[in-house]
Amino acid sequence: NTSLEKLDVSRNLLTCLGGVLIFSAFRQNRLTRIRSINLSHNCISDIHDESSGIEPFLARNRSLRILNLEGNDLGDASTQALADGLKKNEDTLLE
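Residues numbered from 1 in each chain as written. Predicted model: local features only at pLDDT ≥ 70, side-chain atom pairs only at ≥ 80, totals over all residues. Heavy atoms only, no water.

A. How the structure looks around the packing of aromatic side chains. Evaluated as defined, the whole model comprises two aromatic pairs. A ring pair is formed by Phe 23 and Phe 57, whose centres lie 5.3 Å apart and whose planes are at 45°; its orientation type is tilted. Residue Phe 23 is found in helix 1 (residues 16-28), and its partner Phe 57 is found in helix 2 (residues 54-60); the two are separated by 34 residues along the sequence. Judged on exposure class, the residue Phe 23 and its partner Phe 57 are both buried. Plain terms: the ring middles of Phe 26 and Phe 57 are 6.2 Å apart, the flat faces sit at 50° to each other, and that makes the pair tilted. Residue Phe 26 is found in helix 1, and its partner Phe 57 is found in helix 2; the two are separated by 31 residues along the sequence. For the pair shown, Phe 26 and Phe 57 are each scored as buried. (Phe/Tyr/Trp six-rings, centres within 6.5 Å; stacked < 30°, edge-to-face > 60°. Helix = DSSP H or I, 4+ residues; strand = E, 2+ residues; numbered from the N terminus. Buried < 20%, exposed > 50% of the residue type's maximum accessible area, 1.4 Å probe, protein only.)

Right, here's the structure in full:
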């Protein structure tokens, strides 16, 4: 899908695998125009996967402005992957 701009799956008991799969799907779609992803208040503690988690998604994405991960218990590996992905992307629009 190239027209989806907002995804809100907050409060859905989404697991770690669900979070990784969402970022993987957006990473594989080079034409995505996603601007807002809300994964708040789910059961996500790990969205780190070297090939398909949050880091490769954030490293390439040029449209995302809002990423809400509030209310999840993200671990150190996920937090580091998030930071590394942003560090690799000089053109990020994330606010």
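After that view, the rundown keeps rolling.
B. Representation of the pattern of salt bridges in the model. Per the stated rule, a full pass over the model turns up four salt bridges. Residues Arg 62 and Asp 91 are paired through a salt bridge, measuring 3.4 Å at the closest nitrogen-oxygen approach. Placement of Arg 62 in the loop between helix 2 and strand 3 (66-68) and of Asp 91 in the segment after helix 3 (76-88) is noted, with a sequence separation of 29 residues between them. Residue classification places Asp 91 among the partly exposed positions, given a relative accessible area of 45%. (Salt bridge = Lys/Arg side-chain N within 4 Å of Asp/Glu carboxyl O.)

C. Focus on the environment of Asn 29. In this structure, Asn 29 sits in the loop between helix 1 and strand 2 (36-38). In this structure the C-alpha to C-alpha distance between Asn 29 and Asn 61, which are 32 residues apart in sequence, comes to 9.8 Å. Those residues in contact with Asn 29 that lie beyond four places of it in its chain are Asn 1 and Thr 2. A distance of 3.1 Å separates a polar side-chain atom of Asn 29 from the backbone nitrogen of Leu 31. (Contact = heavy atoms within 4.5 Å. Polar contact = N/O pair within 3.5 Å; in protein donor to acceptor, adjacent residues only side chain to side chain.)

D. Structural view of helix 1. Helix length check: helix 1, at 13 residues, gives a terminal C-alpha distance of 18 Å against a target of 18 Å (1.5 Å per residue), a fit within 8%. Among all positions of helix 1, only Gly 18, Gly 19, Val 20, Ile 22, Phe 23, Ser 24, Phe 26 and Arg 27 are buried. On its buried face, helix 1 is in contact with strand 1 (6-8), strand 2, helix 2 and strand 3. (Expected span 1.5 Å × (residues − 1).)

E. Here's a closer look at the state of the cysteines. Evaluated as defined, the whole model comprises zero disulfides. Sulfur of Cys 16: no disulfide; nearest cysteine sulfur belongs to Cys 43 and is 8.5 Å away. Using a relative accessible area of 41% as the deciding quantity, one classes Cys 43 as partly exposed. (Disulfide = S-S within 2.5 Å.)

F. Local environment of the nonpolar core. Residues Phe 23, Ile 37, Leu 39, Ile 54, Phe 57 and Leu 67 are the most contacted members of the largest nonpolar core, which totals 19 residues. The set of elements that each furnish at least two residues to this core consists of helix 1, helix 2 and helix 3. Once you skip the residues sitting within four places of it in the chain, Ile 37 turns out to touch Leu 7, Phe 23, Phe 26, Phe 57, Leu 64, Ile 66, Leu 67 and Asn 68. (Core = buried A, V, L, I, M, F, W, Y, C linked by side-chain atoms within 4.5 Å.)

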